[in-house]
Amino acid sequence: MTHVFHRNPKTQLPRAVRGEGIHLIDAEGKRYIDASGGAAVSCLGHSHPDVVAAIKTQLDALPYAHSAFFTNDAVEDLADFLVERAPGDLNHVYFVSGGSEAVEAALKLARQYFVDTNQPSRRIFIARKQSYHGNTLGALGIGGNAWRRAPFLPLLTESHHVSPCYAYRDQLAGESEEAYAQRLADELDSMIKDLGPENVAAFVAEPVVGATAGVLPPVNGYLKKIREVCDRHGVLLIFDEVMCGMGRTGHLFACAEDGVAPDILTIAKGLGAGYQPIGAMLASEKIYQAILAGSGYFQHGHTYMSHATACAGALAVQKVIERDNLLENVRARGEQLRSELRAALGSHPNVGDIRGRGLFTGIELVADKQSKEPLDPALKTHAKMKSVAQSLGLLMYPGGGTIDGVRGDHILLAPPFICTAEDISRIVALLTQTIHQVLPVQS
């Protein structure tokens, strides 16, 4: 009997009692390789001594002071660290407690920007089908996952959705990446024109799509073309890097690999690596100055924003990543991961696509490799994969509804940045065993 309202009350969960590096250990002493970092969170693994020490030091000095009364050294130092490394002119940081809060802040800031610059009709947000931006009502409202949205549709604000950059399924035979990217940019351009540019506030996108579509990297030129469309119509560009950012793709900011900077950017997960709850929104100089010259304040706030202990923990995480040159390891181990997965599973009849960037990898499962026909959703193959993998001591992040919120199954891998080559090979071996157990190859 538990008095905790677990996310799935019908499931009895093992009790985690300890974390060591890339492993979690339950109350029975069983060890699990955390090959998804929870939900792409635990980028430094578990119980890193430098981060634990930084949090303890901050707790001894100042655990918390409300941001309406004080700033603090930890929040100022973390903001400086991020701004010095951020793309474009993202030079002011607003700290919150997680990804959904960061996206809510971004949406409200975008709206207030247009109010403060005398463009009050700009109220509409455009995102992409099969996107995920959080579970609060505002974030869910712009999200493009039909299954997640369905129960709450009467509560969601107006938003519109264009096609995702989903090369595996949507890039036409013989169509170049340049032509595919242009087709998607033209679709966004047409939607903005149909809605009236004077009514559109922002386009919201994950540079590399995470949980709902199983790690979709953009094709070459896509993000630049999207940036051009937004600039043409005076529409803000918001990048949601809550899952793909903070080094997950091998670059501190995922969009940097494509040479594109947004007007507003959100981060969380890998920012604090799970050691404390934290998220952040970064805003450009243009937006910051508009607020200063307009109302003079951002009409938004949370009790735990700029939390001293959370910021101290996050800064320690980022310093370790930089000091130990872990982004280089992310790139190398990511290439190894996909290479070994393709060698082990590339010929499996139910493995349709293996894709990703850095230590952010998706495996899309299919019923037929040639036609790309998805597996029967009623089989809940992704859920079976999770259960079997966990029984083997492997934690991975499965997903269903990959294609349209109903059809499609995928596996997401986001192992810690500290993984060795041997760790990656072990992950591949366990995942291969899992897939062959759930989807045995017929002889």
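Residues numbered from 1 in each chain as written. Predicted model: local features only at pLDDT ≥ 70, side-chain atom pairs only at ≥ 80, totals over all residues. Heavy atoms only, no water.

S.K.: Any chance you could explain the packing of aromatic side chains here in plain terms?
M.R.: Both the distance between ring centres and the angle between the ring planes are used here to describe each pair of aromatic rings. Scanning the entire structure with this criterion turns up three aromatic pairs. The interplanar angle of 65 degrees and the centroid separation of 5.2 Å between the aromatic rings of Tyr94 and Phe298 together place this pair among those described as edge-to-face. Of the two residues, Tyr94 sits in strand S4 (residues 90-96) while Phe298 sits in the loop between helix H10 (285-293) and helix H11 (308-323), which places them 204 residues apart along the sequence. Among the residues examined, Phe298 registers a relative accessible area of 17% and is labelled buried. The side chain of Arg148 reaches across the aromatic face of Tyr132, ending 4.2 Å from its centre. (Phe/Tyr/Trp six-rings, centres within 6.5 Å; stacked < 30°, edge-to-face > 60°. Helix = DSSP H or I, 4+ residues; strand = E, 2+ residues; numbered from the N terminus. Buried < 20%, exposed > 50% of the residue type's maximum accessible area, 1.4 Å probe, protein only. Lys NZ or Arg CZ within 6 Å of the ring centre and 35° of its normal.)

S.K.: Please explain the pairing of strand S9 (residues 264-267) as it appears in this structure.
M.R.: Put simply, side chains in a regular strand alternate between the two faces of the sheet. Here S9 shows no split at all, with Ile264 and Thr266 on one side and Leu265 and Ile267 on the other all buried. One ladder, built from three bridges, connects strand S8 (residues 236-240) with S9; its direction is parallel. Residue pairing for S9: Ile238 is matched across the bridge by Ile264. (Pairing = 2+ DSSP bridges.)

S.K.: Looking at this model, I keep getting lost on the sheet that holds strand S2 (residues 23-26). Mind explaining?
M.R.: Paired through backbone hydrogen bonds, the strands of a sheet run either parallel or antiparallel to each other. With mixed pairing, four strands are arranged side by side in an open sheet as S1-S2-S3-S13. Every interior strand has two partners, whereas the edge strands, strand S1 (16-20) and strand S13 (394-395), have only one. Sheet topology places S1 next to S2; four bridges connect them, and they run antiparallel. Bridging from a neighbouring strand, Arg18 pairs with Ile25 of S2.

S.K.: For this particular structure, what's the right way to read unusual backbone geometry?
M.R.: Glycine aside, negative phi is the norm for most residues, and most peptide bonds take the trans geometry. If you check the backbone angles, Ser47 has positive phi at about 65 degrees while not being a glycine. Here Ser47 shows up in the loop between helix H1 (37-40) and helix H2 (49-61).

S.K.: What is the right way to look at empty space enclosed by the protein in this model?
M.R.: Gaps left between atoms are located by rolling a probe of water-molecule size over the structure's atoms. For the structure on display, the rule yields one cavity of 30 Å³ or more. Here the largest cavity is characterised by a volume of approximately 30 Å³. Lining the largest cavity, in full, are Tyr132, His133, Gly134, Ala139, Leu140, Gly143, Gly144, Asn145, Arg148 and Arg149. Counting residues per element, the ones that place at least two in the lining of the largest cavity are helix H5 (137-142) and helix H6 (146-149). Grouping the constituent residues of the lining of the largest cavity by class yields three nonpolar, five polar and two charged. (1 Å grid on protein atoms, 1.4 Å probe; cavity = no way out; pocket = protein on both sides within 12 Å on 5 of 7 lines; lining within 4 Å. Points joined across faces, edges and corners; volume = space filled by probe spheres on them. Nonpolar A, V, L, I, M, F, W, Y, C, P; charged D, E, K, R; others polar.)

S.K.: Quick question: what am I supposed to make of the state of the cysteines here?
M.R.: All chains considered together, the criterion is met by zero disulfides. The closest cysteine sulfur to the non-disulfide-bonded Cys311 is located on Cys43, 16 Å from its own sulfur. (Disulfide = S-S within 2.5 Å.)

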